[in-house]
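# Architecture at a glance
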Amino acid sequence: MKKFLFMSALLVFAVMMSMAPHAAMAADPVNIGVLVPLTGIVAQGGVEMKYGIEMAAEEKGTVLGRPIKLIVEDTQVKPPVAVTKAEKLVYKDNCKALIGVFSSGVGLALAQNIDKLNVPFLTTHVMTTQLYDLHPLVFRSGQLANDQTAVGNVKGILARENLKNRTYYVLVHDYSWGHDAGERFIALAKQNGIKIYNEKYDKAPISTKDWSSYISKIKASGVDGIYMAFITNVIPVFAKQAADFGLQAQGVKLVSAAAPGPLEMEAGGEACHGIFGASDWSWDVNNPTSDAWEMRFWEKFKTIPSDAAVHSYVGAMNLFNAIEKAGSTDAKAIADALRGISYDGPYGTVRISAKDNCMRNDAVLTETMAAPDNPFGAKVYMKVLETFPANELGPAE
Amino acid sequence: MDKHLTIPDNDKGITAYKIAAITVLIAGLALFPFVITNRFYISLINEMLIYGLLAMSLDVLLGYTGLLSFMHNAYLGISAYVVGLFLIHISPSSLWLALVAGVIFTSVVALPVGWVQVRTGGLAFALLTLAFGMMFHTIVWKWYGLTGGDDGLMGVPNPAITIFGWKIGDSGDPATMYLFTLVIVALCYLLTRRIIRSPFGAVLEAIRENEERAAFIGINVRMYKLFGWMLACMLAGVAGALFILYKGYIGPTTMSAFAGAGVLMMVLLGGLGTLWGPLVGAAIFIYIQDYISTMTEHWEIYLGMVVVLLVLFLPTGFVGLGSYFKRLGKE
Amino acid sequence: MGGALSTSVDITLNSLVLGGVFLIVATGLNIIYGLSRVMNLAHGSLYAIGAYAGYTLTTIGFNYFAAIVIAPVLVAAVGLLLERTIISPMRKRSMVYTLILTYGLMFFLDGLIKQSWGNEPRFVELPAMIKSTIPILGSHYPVFRLVTLFIIAGVMTGLMLFLNKTKIGIILRAASTIPEMVSCLGINMKHVHIGAFVLGCALAGIAGTIAGPLTTIDPLMGHEMLISSFVVIVIGGLGSLRGAVFAALLIGAVQTLAEFFITDLAMVIVYMLMAVILAFMPRGLLGEGRFE
Amino acid sequence: MEAFLCTEDLCRHFGGVTATDCVCINIEHNGLRSIIGPNGAGKTTFINIVTGRIPASSGKVLFQGCDITNKPTHELVKMGICRTFQITSVFKDLSVFENVRIARQARKGGSLKIFSLKKHLREVTEETWNILERLDLQNLAAEPAKNLAYGDQRVLEVAIAMAGTPTILFLDEPTAGMSPAETRHISDLIQGLAEDISIVLVEHDMDLVMSISDAITVLHYGSIIAEGQPDDIRSNELVREAYLGKEE
Amino acid sequence: MEKKNKILNVEEIHTFYGESHIIQGLSLFVAENEAVSILGRNGVGKTTTLRSIMGLTPPRSGKITIDGEDTTKLPAHAVSMMGVAYVPAERHIFPGLHVEENLKLAARPGDGDNPWTLERIYDQFPILADRTKQDGSTLSGGEQQMLAIGRALISNPKIIILDEPSQGLSPLLVDAVTECVQNFCVKSGITLMVVEQNYRMALKVASRHYLMGTKGKIAGVATTQELNDNPQIIHDHLSV
């Protein structure tokens, strides 16, 4: 017991000592907390997000005349871990803003704690519609929201003859984004006369590796279309397994709520051809800014530029510009500056709505297919079929 | 019989030295948020305290009763969900009522589970804790409408901390919540310490030492195992209530098998069969995990390595370190 | 398309494939447990290493079938290294320590996998000849899944022949019952322990290699498999190979059916089944058994 | 007169092997009954059934007229049926004092007092000292049981059983592995105990058995082949055969 | 006694089970082609002696040699490889292995003109030949004992150690086992050590007998002739 008390007193002392200098350290650079999943099922997406933010920070260089310092933490896609890491970033590392975050669960958990954290939190990937006007310090920049994707998808389906007159089987990942995406799509599809096979859509656990049961079920239903809302990495996995069972060969079309990850698509090869989906960007988007960005990204990371990287890049740029515009690192000032800010980047001019803190941008309908000759050596790409302007997609500003 | 005033057992009683030491330690911890105002460290220590309580309750089971539970975190989770749901749906301000509801509900769930588990033997008991734990995990994960499924339970209100109607502070404030946690954990520690040193604790120890012999001196082994299990689960329930109040959030990953193994590791890091060992073990575990995961994205490699090396070279845990140095000194 | 018959063909074959993979992983775990009372929580990671080894072999030009043979050998080599360095010193300690040690090992191996192969899922390139579907009673079933089923059957038959017909196999079976007597017959139990661990790892490797193309390969694939195979061996009875066969097929079928019909509660049902079976038969369906 | 403890056609099978085969035994109040027999005769199995360690396959055990067959052990202890084990079974990490006190407490009650301290059970403490003194263990009271010499551990084993205030005490090979001096010590001890309570002794040491038993039961292949005074047993032809093999 | 090679020599061993001092300075030897028994009541440490020799419960002090080589600290499998075959009192037939597998497991090639092979075992033990595919643990006690002896023989050992072959067997089966030991071990000149409580059996198979009277010690040695002449010795040591 004596030993214990002595040792634990020692431990407490040691911990206090090790903390003290950090707490007192004055930050010369502007610290930005980057929360991305580096382990867990979406780790690859997390790496691409990190790339996008790093690239933005490097290109931006300084804000308020001070260097930008990114401090990256792994959320493990676990909300409690993310909250702890956010506290660490804000309190220990003195970060002035948080950026990143994959998965609605993590995003909403952080939003819950944003009052305590008291820094602006800008998510580049959380798609849930709950984010509209959620909190004065919570922003979305980069990714389309669920309602925007759903509108894009429905518009896309109606616009394509080979998608229009099909019955769709809806299968989603079992978490809030998946549910949200599924419900939005079904509601809109019904309004627009698109046939849905299962209005009480199927929910698959995020950890599902073997999709054969679901595929059997789809086969048994006799539908000729599938609407899927999966985490990006999983889309090629599902497509490949569906191809194994010959679904695509039998004429079933896949429509996805999210854009498939490029590396996974490469890995999936031919099996990943023919996935339709509304997104906001693909390297097939042809505008000079986008093309230049792609090449810079490729030079820097030697990996195929993905929409995940673009979202993060655009989001980070918005954040840095807002800090510059705010003229200080005060949370409220940055938040005020973020509202209504616009940025001219790889996907044209986008702006964060002053009304609900969420970004508005155009959507494209893409289909994955064999890639033309390209500098990235990609074999599969998302070909842009249609473009839908922002004001037709989401809620009016 | 005056000649036997001293009793030769492990209970050395409370000495002035111990009282002083414990007071200093608790006072030190209580002063912490005033010295280091950085919320991150307050949160970190808070988490250490909560997991320390959970690890301590697992040690009541493993170290004192000799029963291994793979997923003690499940009972923390159940209580956290109940407290959270209580605060959301029933009464957003009744802190104590919510706490009591959490512990009671956890006990109500743990009772039949424990009843089934104690009917089996040692390893089967351990495996059943895994089966039931996984079941709770899956239920929580799947019951989207109630628990928020994979997203977890969010929007838990922060009730005011009151005693007899007298408001002390707000549970949303980290420093207040930290002090509240400290008080509850310290109370639980002292209470558990007293229970472990009671005649009842002696029975648990006897079961751990030699289950068969315990039965042959007239102990109803199954019944006392069940009592030990219930005590452990109720303490886990308290930890769960503190967890949700402090985090404002609970998700199914907190109840996963891998998180459960983490709790087991805290106990072993600290050392079995002492109440304070697991508290220290939890602190070390959380600190290491936090430290390593900040250092590198490949933190799993290093965490795994630390665990492997610890088990290989320091199997008695932190507690054993003392006697190790003592031995070293003698040689 | 559609039709009850073709659907039931699908379900039956799917549950056999799923159960088959469970079976091979669980059998490996069981052999290790049965012979050295080590519950290896890193078994799932070895399974993942098997899958990655198979993937890497196919990408550097080996035929898929060659990979199925070579990858398990590599995993077995990893197993040998682990056994010699960290598992064998643990043998005399309490089971709790082995559990914790292998839990740490699991993290370690998963981290290494991630560092070596990255996070993104990998797809195994199959030979063109098995990349199509074949009509069976109205269902179009992937040929390679049937091939996988044959491989599983082959591996299990091979294992049974090995355990029943070879001297080493007989030694393993004997050692799972009365190890002391095995020593008295001049057999070094240390070698038996090594052999069992290596064999168990090889089986994990085989399972990983064949599971690769069934799903896709990712660093976390071992976690779920570990829990599932745990369920299988607990229901079957710790250490009982026959019990594992029964339990693997049962769990494969229950999980497939549950996923098909009720989707949401599939895993709850599997765990409930496990809890109920253990509540009434604490030692599993076939008791803490021996190899047969 | 009603027997103190008796069994009626008690049987126990292990697979195809019958370890206890229709044993009917009457054990009288106060006295020392020894059970002997060659290896594998079913002596320990018999004790195990009577004391509730393993269930009987068929038959009955009656104690003071009550049917106690297959009752849980803790209930048997409450009725005064205690035992020791062939392989020393004590609480190794507890001190000698704690070993006896927990046994005393389990019998006496108070185990559910979760908020009081152990030292508050004054009567238990006093009686624990009495038992330790009676068995001459008081000087070792503070030692952890695992540090005791083997012979002392065997005595502690008896002390733990005595703490249950048995009316009948089953001793399973109390002298196994002991030196002659230790054997003498324990033999005196057993004789002393037999003055107050009934003792059933399973033992291989024939000198000990013959010198202290009031009556002897001989088991062979799970059945009783002889019963009687030590002298009768010594001269019994069946017993001789059981031990030495059949005469040609 | 003729000058013969000591196959087994045990000098002053002390063996403990935990703290329990079971063997307290025991010495004995077995010469080549000799059959020796250890007689004693149960509980005197006969089995522990054998376990010490086998390396299952190694002695804390003393020395054991087999064919001149020191095996005191060797583990069981190494002792077995020195040419010692052990038949425990429980027989330890592997459950789940059929008769032939039980035998195959132990088979080791022997030298000499007539080594034991599977065929020879079946020849000599027709009971086993009839049941080659039967699970060994489902055999009757006597058959199990035959199998255990067969399993010892097939390893072509230098010495066979039998622990209470008569234990738990009915008188008829004791006779059968005795006969079997006489026929296959004694007559074929295999070195044998048998531990018995049933002295009539021991007298039939062994020529020299160690008597264990007090715990863990040898009280005396006698030849079969001496014991037959003086049955009182037996009664002193073994009888009730």
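Since the model is a prediction, treat every value here as computed from it, not as a measurement.

Now for the sheet that holds strand β6 (residues 81-83) of chain D. All names here are of chain D. Across the sheet, 6 strands lie side by side as β6-β7-β8-β3-β9-β10; this open sheet has mixed pairing. Only two strands of the sheet have a single neighbouring strand rather than two, namely β6 and β10 (223-228). Adjacent strand axes in the sheet meet at a mean angle of 20 degrees when their direction is disregarded. Examined bridge by bridge, strand β3 (residues 31-36) and strand β9 (residues 215-220) share 4 bridges and lie parallel to one another. Bridged to I36 within β9 is V218. Across the sheet, helix α6 (residues 180-193) touches β3, β7 (168-172) and β8 (198-202), and the angle it forms with β8 is around 145 degrees. Running over the sheet, helix α9 (residues 237-244) touches β3, β9 and β10 and is turned about 130 degrees from β10.

The subject of this paragraph is the interface of chain D and chain E. At the junction of the two partners, chain D supplies 27 residues and chain E supplies 24 residues. Here chain D and chain E share an interface that buries about 2200 Å² over both sides, 51% of which is from carbon and sulfur atoms. Broken down residue by residue, the surface that chain D buries against chain E is led by N39, Y243 and L244 of chain D, which jointly contribute 31%. Counting across the chain D and chain E interface gives 0 salt bridges. Looking at the side of chain D that touches chain E, the elements with two or more residues in it are α7 (206-212), α8 (230-235) and α9 of chain D. A total of 4 residues in the side of chain D that touches chain E trace back to one element, the largest contributor, which is α9 of chain D.

By number of contacts, the leading pair among the 6 pairs of chains in contact is chains B and D. Looking at chain A next to chain E, you find no contact at all, with the nearest C-alpha pair sitting 31 Å apart. In this structure chain B stays clear of chain E, and the shortest span between their C-alpha atoms is 17 Å.

Residue and element names in this part refer to chain D. Inspection of the entire model under this criterion finds 0 disulfides over all chains. The thiol of C66 is unpaired, and the distance to the nearest cysteine sulfur, on C6, comes to 11 Å. A relative accessible area of 37% means that C66 is categorised as partly exposed.

Let us now look at the pairing of β8 of chain D. Where burial is concerned, most of β8 of chain D is hidden: 5 out of the 5 residues are buried. Residues of β8 of chain D alternate between two faces, with S198, V200 and V202 of chain D on one and I199 and L201 of chain D on the opposite face, all of them buried.

Time to look at the domain arrangement of chain D. Residue and element names in this part refer to chain D. Per the domain assignment, the segments making up chain D are domain 1 (1-70 + 170-247) and domain 2 (81-165). Opposite the 23 residues of domain 1 that make contact, domain 2 presents 14 residues. Between domain 1 and domain 2 the total buried area reaches about 1700 Å² when both faces are included, carbon and sulfur atoms providing 61% of it. Counting the surface domain 1 buries against domain 2, the share from its top three residues, D172, L189 and L193, is 27%.

A few words now on the packing of aromatic side chains. Aromatic ring pairs are reported here in terms of the distance separating the ring centres and the angle at which the planes meet. In total, this model carries 35 aromatic pairs over all chains according to the counting rule given. Relative to Y178 of chain B, the ring of F32 of chain B lies with its centre 6.2 Å away and its plane at 45 degrees, an arrangement referred to as tilted. Placement of the pair is F32 of chain B in helix α1 (residues 16-35) and Y178 of chain B in helix α7 (residues 174-196), with a sequence separation of 146 residues. Of the two residues examined, F32 of chain B and Y178 of chain B, each falls in the buried class. Through a chain of ring-to-ring contacts, the aromatic side chains of Y51, W281, W293, F297, F301 and Y313 of chain A assemble into a single cluster. Across from the ring centre of F85 of chain D, 4.4 Å away, lies the NZ or CZ of R83 of chain D, which sits over that ring. One residue, K6 of chain E, lies across the ring of F29 of chain E, its end atom 4.7 Å from the ring centre.

Consider a sheet: its strands pair through backbone hydrogen bonds, and that pairing is either parallel or antiparallel. All names here are of chain E. Ordered in space as β2-β1-β4-β5, the 4 strands form an open sheet in which the pairing is antiparallel. Strands at the two margins of the open sheet, each flanked by one partner only, are β2 (20-31) and β5 (69-70). Bridge count for strand β1 (residues 6-17) against β2 is 9 bridges, and the pairing is antiparallel. Paired with L8 across the two strands is V30, which belongs to β2. Running over the sheet, helix α1 (residues 46-54) touches β1, β2 and β4 (61-66) and is turned about 115 degrees from β1.

Taken as a whole, this structure holds 45 salt bridges over all chains when the rule is applied. Ionic pairing is found between E205 of chain B and R208 of chain B, a salt bridge with its closest N-O pair at 3.6 Å. Of this pair, E205 of chain B and R208 of chain B both sit in helix α8 (residues 199-209), 3 residues apart, roughly one helical turn. Given the relative accessible area of 8%, E205 of chain B is considered buried. One salt bridge connects E212 of chain B with R53 of chain D, and the closest N-O pair in it is separated by 2.5 Å. Of this pair, E212 of chain B sits in helix α9 (residues 211-216) while R53 of chain D sits in the loop between α1 (43-50) and β4 (58-63), each in a different chain. A relative accessible area of 33% places R53 of chain D in the partly exposed class. One salt-bridge network, in which partners are shared between bridges, spans E73, K85, K88 and D93 of chain A.

Rules behind the numbers
Residues numbered from 1 in each chain as written. Chains lettered and ligands numbered in written order. Predicted model: local features only at pLDDT ≥ 70, side-chain atom pairs only at ≥ 80, totals over all residues. Heavy atoms only, no water. Pairing = 2+ DSSP bridges. Helix = DSSP H or I, 4+ residues; strand = E, 2+ residues; numbered from the N terminus. Axes fitted to C-alpha atoms, helices over the stretch in contact; angles between N-to-C directions. Contact = heavy atoms within 4.5 Å. Buried area = accessible area lost by both parts, 1.4 Å probe. Salt bridge = Lys/Arg side-chain N within 4 Å of Asp/Glu carboxyl O. Disulfide = S-S within 2.5 Å. Buried < 20%, exposed > 50% of the residue type's maximum accessible area, 1.4 Å probe, protein only. Domains from an automatic or database assignment. Phe/Tyr/Trp six-rings, centres within 6.5 Å; stacked < 30°, edge-to-face > 60°. Lys NZ or Arg CZ within 6 Å of the ring centre and 35° of its normal.

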